[in-house]
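# Residue-level structural notes
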Amino acid sequence: MPRMPIALAGIGKIARDEHIPALEDSPDWYLDAAISRHADVDGVRNFATMGDFLADPGDVRTVSLAMPPAPRMAYARQAIGAGLNVMLEKPPSPTLVEIRALAALARERGVTLYTSWHSRMGAAVEEAHGRLSGATLRRLRIDWREDVRHTHPGQDWVWQAGNLGVFDPGINATSILAAILEETPHLTACTMEVPEGRQTPISADLAFGHPSGADISGRLDWRHDGHPVWRMEIETDRGTFALIRSGSAVEVDGEEIALDGSVAEYPLVYARFAELVRGGESEVDLAPMELVADAFLIAERSIGAPFEW
Ligand code: NAP
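Residues numbered from 1 in each chain as written. Predicted model: local features only at pLDDT ≥ 70, side-chain atom pairs only at ≥ 80, totals over all residues. Heavy atoms only, no water.

## Comments concerning the overall build of the protein
Note the cut-off: Only DSSP runs of H or I reaching four residues or more are called helices, and only runs of E reaching two or more are called strands; each is numbered from the N terminus. Using C-alpha atoms as the atom set, the radius of gyration is obtained and then compared with a globule rule of 2.2 Å times the number of residues to the power 0.38. Relative accessibility thresholds used throughout: buried, under 20% of the residue-type maximum; exposed, over 50%; partly exposed, between the two (1.4 Å probe, protein chains only). Every residue pair with non-hydrogen atoms within 4.5 Å of one another is taken to be in contact. Where accessible areas are quoted, they stem from the Shrake-Rupley method and a 1.4 Å probe; at the residue level, only the protein chains shown are allowed to cover.
Helices and strands together make up the secondary structure of the protein, namely nine helices and 15 strands. Against the globule reference of 19 Å for 309 residues, the protein gives a C-alpha radius of gyration of 19 Å, in line with a compact fold. When its C-alpha atoms are laid out on the principal axes, the protein stretches across 55 × 45 × 35 Å. Scored against the burial criterion, the 309 residues of the protein give a buried share of 52%. Long-range contacts, defined here as pairs at least 24 residues apart, represent 70% of the contacts in the protein between residues at least 6 apart. Split by element, the accessible area of the protein, about 13600 Å² in all, is 48% carbon and sulfur.

## Quick notes on the sheet that holds strand β2 (residues 29–35)
Stated precisely, the cut-off is as follows: Should DSSP find at least two bridges between two strands, the strands are taken to pair. The angle between two axes is taken between their N-to-C directions and runs from 0 to 180 degrees, where each axis is a line fitted to C-alpha atoms and a helix contributes only its stretch in contact.
Spatial ordering of the open sheet is given by β3-β2-β1-β4-β5-β6, a layout of six strands whose pairing is parallel. The strands lining the two open edges of the sheet, one partner per strand, are β3 (45–47) and β6 (113–115). Between one strand axis and the next, the sheet turns through 25° on average, direction left out of account. Alignment of strand β1 (residues 4–9) against strand β4 (residues 62–65), held across three bridges, turns out to be parallel. When the bridges of β4 are listed, Leu8 appears paired with Ser64. Sitting on the sheet, helix α1 (residues 13–24) is in contact with β1, β2, β4 and β5 (85–88), with an inclination near 175° to β1. Across the sheet, helix α4 (residues 96–109) is in contact with β5 and β6; its angle to β6 comes to roughly 150°.

## Thoughts on the pairing of strand β9 (residues 203–209)
In terms of burial, β9 is largely enclosed, as five of its seven residues are buried. Pairing geometry for strand β8 (residues 186–195) and β9, over seven bridges, is antiparallel. Among the inter-strand pairings, Ala189 is bridged to a residue of β9, identified as Ala207. With six bridges connecting them, β9 and strand β10 (residues 215–221) associate as antiparallel partners. Within the sheet, the bridge partner assigned to Asp205 lies in β10 and is Arg219. Between β9 and β10, which pair antiparallel one after the other, the connecting turn spans five residues, and Gly213 there sits at a positive phi close to 80°.

## Quick word on helix α7 (residues 167–180)
We apply this condition: Residue count minus one, scaled by 1.5 Å, sets the expected span of a helix.
The terminal C-alpha atoms of α7 lie 19 Å apart, and with 14 residues this matches the ideal 20 Å at 1.5 Å per residue to within 8%. With 13 of 14 residues buried, α7 lies mostly within the body of the structure.

## Digging into the pattern of salt bridges
Formally: The term salt bridge refers to a side-chain nitrogen of Lys or Arg lying within 4 Å of a carboxyl oxygen of Asp or Glu.
Enumeration over the complete set of coordinates arrives at 22 salt bridges. A salt bridge links Asp28 to Arg278; the shortest N-O distance between them is 2.9 Å. Note that Asp28 is positioned in the loop between α1 and β2 and Arg278 in helix α8 (residues 265–279), a separation of 250 residues in sequence. Residue class for Asp28 comes out buried when judged on its relative accessible area of 14%.

The following block contains the structure:
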């Protein structure tokens, strides 16, 4: 199958860390154009804005949007309006109504819209799903801790309204949760701490209800020293295991187990996007975001110490 040209918008941290390398090695795509106000990508056509690109799209029928959610919606609407397929980084949008409207627009225009959730791609999450299927869940504990100065260095947008603060990585946990359990749990309690003068939380504690009656809870914290901990510990009537490194490996009895299949998230994200585009389908899964939106709806908030980079 010939490789398809794609444009990538928002050339920042995740574009350079993951999207560009995944596209360089992709059997399905080649990077034809980059859209970024401040950055250029070597060897491709570069445009400052979506409008500039849409004035000269060449053969490109598809764009991938890797900027933060708040500025992403206008670009997505412009691209879909012009009849292009669109992939969105997580979290897909600042609000749920906007993303539903975008999905309706994609249907109307007959193009693909894909809300990607990179942390749920790969063999480890499949392994967890397999271990849970037919088992009785007893306890699930999300432990998502990292040093925001290291994972989002100087990215002030993470503290601005319309973004998710510590739920920006935390939504990776809810994306996994919604993928591995047959029935998605619902939030029953949330407390969050917002640094003085900022708009989004630096930490949160979560409690969930689930038809199984299992004890499901989580802790998200951006004030962690050292290596990130992105761990989900899961106890069933058949035993205990853990999804570690944000859903990229499985640990049983303290030992990482060998997995069948790829664990590389972004190559799998782009492979899935190619499948959807070739099949003329969309995939708009909002369950991970609904859980986060519910956390913001029911949260008891406290104001904590100011945060400075
Ligand atoms: P980033 O580096 O701060 O931003 C990405 C790019 O978006 C910027 O370089 C900027 O490019 C563009 N941008 C920012 N504000 C904009 C605006 N108002 N209008 C138009 N473009 C704007 O952020 P990132 O870390 O790559 O994260 C981007 C997205 O990827 C987020 O949704 C995040 O949740 C997701 N993500 C991040 C990571 C991670 O490790 N950082 C991992 C997985 C997913 P120009 O200024 O050049 O246009």
